[in-house]
Amino acid sequence: MTPRLTPDDPGAESSAHPHSGKTSLASLDYSVLQQCMHCGMCLPTCPTYAETGRERNSPRGRIALMRAVADRELNVTTSFAEEMSYCLGCLACTTACPAGVDYTTLLETARAHVESSGITATPKRTFVRWFTMGWLFKKPRLLRLAGRLLWLYQVTGFQRAFRKLRLTSLLPKRIRELEPSTPKIQRHFSDTLIPEITLARGEKRYRVALLTGCVQDLVFSDVNHATAQVLAENGCEVVTPRTQFCCGSLHAHNGDQENAHILARRQIDTIDPERFDAIISNAAGCGSHLKHYDRLLAEDPRYAARAKAWSLKVRDVSEWLIEIGFRKPHAGTGATAPHIVTYHEACHLCHGQKISKQPREILRAISNVELRECAESTWCCGSAGIYNITQPSTSAWLQMRKLGHLKATGATLVTTANPGCHLQIENGLRATGDTQIEVVHPVVLLAKAYRTEIARR
């Protein structure tokens, strides 16, 4: 729970906070800070406000704090930093907001402001941020090496033995708590499963680039493979560049604007948007950030125009398939019984990109799929990037709330289009002993239907 926050907080930063570049709230166009008209429409949609009922834990309350910092009426304090960290960044408030408040920019700038102030810096935290965001996630070959080592640890039985011998009790408390949630690494990464160029089946209508991601590549390369197959079935020649970089969403959402800029430039250098009809993402959190490269690099004279062209070309795979009029498969998924399916909407797909009906249209196009809606489908599941690490209590509360709604549908398949949501729901099901419900990406079911159709020809 965040402590009381006032300008006179005893934990207040003693020296003036810096206001430089895009890491300062004071550097924002003041109209962005003034957009909120305090109507309160966001309050019922905000999970943290629902949890506490306190104004400061709502979007409206946080914006008031941000504005106070920008106006130099409030110093950056540990309490301000904790409040910015407590926000999920789910963007449900942006869907409810009648004034069109740019909460993404506000929150990312506020978090960057906190980091530049140094108010939360400790040797341990500084090292973890450098190791992960400043090193590991900037070097795709190194990240893959780490993934390969983790895969060996999992498949050779060391992980099972480690757990059976209760050696996890030797780990620090927080790591011990997170250990059961370690994602299962795929045997083959995307480069092995997908050729650099996948030819369109039938007439070639489009040429697209496929983004394989960083964590997505290690944990859900099968989703990337299915995406390439589905695109090819719909007349797309799919170019999948080797060894792609992280999109930088992890950095932007956690106050590391410098590395977010670096990684955005690397993406644009790797994939020239002018060579493609679309740039395809299948991970909601990444896609939402990738569409904002134009804003991120707007003041970079070398990249601003290319970033604008990039943002115009980025599409979520479901968005693109509906846009080009995807072909309805002539077969089901090949399962002997119909699938009872429900759909969890990833926040950065429904709120961040306003894509809600397209994944459902894809699911309804598959003959042996019965789609059942769940309550609060647009509510956050508690994953929210690294929120389950930084705010475990609220994350677990949202996870259990989500599982209750999903199970109430009677579905045996939960579909979702974001790796973080996928893992959060899957881990929750496993922790509660539920082995009957699977979690899949919608495009995986569509790919299965196409394969069944081809096999029957």
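Coordinates for the structure precede this section.
Residues numbered from 1 in each chain as written. Predicted model: local features only at pLDDT ≥ 70, side-chain atom pairs only at ≥ 80, totals over all residues. Heavy atoms only, no water.

## Here we look at the pattern of salt bridges
Tallied over the full model, the rule gives 30 salt bridges. In this structure, the salt-bridge partner of R295 is E108, at a minimum N-O distance of 3.7 Å. Separated by 187 residues along the polypeptide, R295 in helix α17 (residues 293–296) and E108 in helix α6 (residues 103–117) bring together distant segments of the chain. Relative accessible area serves as the criterion here: at 30%, R295 is assigned to the partly exposed category. Salt-bridge contacts for R125 lead to E115; the nearest nitrogen and oxygen are separated by 2.8 Å. Separated by 10 residues along the polypeptide, R125 in helix α7 (residues 123–132) and E115 in helix α6 bring together distant segments of the chain. Residue R125 is classed as partly exposed on the basis of its relative accessible area, which comes to 30%. (Salt bridge = Lys/Arg side-chain N within 4 Å of Asp/Glu carboxyl O. Helix = DSSP H or I, 4+ residues; strand = E, 2+ residues; numbered from the N terminus. Buried < 20%, exposed > 50% of the residue type's maximum accessible area, 1.4 Å probe, protein only.)

## Describing a nonpolar patch on the surface
A cluster of nonpolar side chains, contributed by F127, V128, W130, F131 and W135, occupies part of the molecular surface with about 490 Å² of accessible area. Mapping F127 onto the fold places it in helix α7. (Patch = residues over 30% accessible without salt bridge, like charges linked within 9 Å, V, L, I, M, F, W, Y side chains within 5 Å. Areas by Shrake-Rupley, 256 points an atom, 1.4 Å probe, with all protein chains shown as cover.)

## Comments concerning empty space enclosed by the protein
Counting across every chain of the model gives seven cavities of 30 Å³ or more. If you add up the space inside the largest cavity, you get close to 140 Å³. Lining the largest cavity we find 16 residues, and of these C36, C42, I63, C97 and V101 sit closest to its centre. Those elements giving two or more residues to the lining of the largest cavity turn out to be α3 (59–70) and α5 (92–96). Sorting elements by how many residues they give to the lining of the largest cavity places α3 first, with three residues. Looking at the lining of the largest cavity, its residues break down into 12 nonpolar, three polar and one charged. (1 Å grid on protein atoms, 1.4 Å probe; cavity = no way out; pocket = protein on both sides within 12 Å on 5 of 7 lines; lining within 4 Å. Points joined across faces, edges and corners; volume = space filled by probe spheres on them. Nonpolar A, V, L, I, M, F, W, Y, C, P; charged D, E, K, R; others polar.)

## Description of the packing of aromatic side chains
Counted according to the given criterion, the structure contains eight aromatic pairs. Plain terms: the ring middles of F127 and W130 are 5.9 Å apart, the flat faces sit at 40 degrees to each other, and that makes the pair tilted. With F127 and W130 both in helix α7 and three residues apart, this pair spans about one turn of that helix. Judged by relative accessible area, which is 47%, W130 ranks as partly exposed. Taken together, a centroid distance of 6.0 Å and an interplanar angle of 20 degrees make the contact between F127 and F131 stacked. (Phe/Tyr/Trp six-rings, centres within 6.5 Å; stacked < 30°, edge-to-face > 60°.)

## Remarks on the sheet that holds strand β1 (residues 197–198)
The strand order across the open sheet built from five strands is β1-β3-β2-β4-β5, with neighbouring strands paired in mixed fashion. The sheet terminates laterally at β1 and β5 (314–316), the two strands that pair on one side only. The pairing of strand β2 (residues 206–210) with strand β4 (residues 278–281) spans three bridges and is classified as parallel. Directly across from A209, in β4, lies its bridge partner I279. Contacts between helix α13 (residues 221–233) and the sheet are confined to β1, β2, β3 (236–239) and β4, with β3 contributing the most and set at about 150 degrees to the helix. Strands β4 and β5 of the sheet are contacted by helix α18 (residues 304–313), whose axis makes an angle of about 25 degrees with β5. (Pairing = 2+ DSSP bridges. Contact = heavy atoms within 4.5 Å. Axes fitted to C-alpha atoms, helices over the stretch in contact; angles between N-to-C directions.)

## Thoughts on the sheet that holds strand β6 (residues 339–343)
Pairing within the open sheet is parallel, and its four strands lie in the order β7-β6-β8-β9. A single partner strand is all that each edge strand has here, and the edge strands are β7 (369–371) and β9 (438–440). Neighbouring strand axes in the sheet, compared pairwise and without regard to direction, differ in orientation by 35 degrees on average. Pairing of β6 with β7 involves three bridges; the strand directions are parallel. When the bridges of β7 are listed, V341 appears paired with L371. On top of the sheet, helix α25 (residues 442–455) reaches β6, β8 (413–415) and β9; it is set at about 115 degrees to β8, its chief contact.

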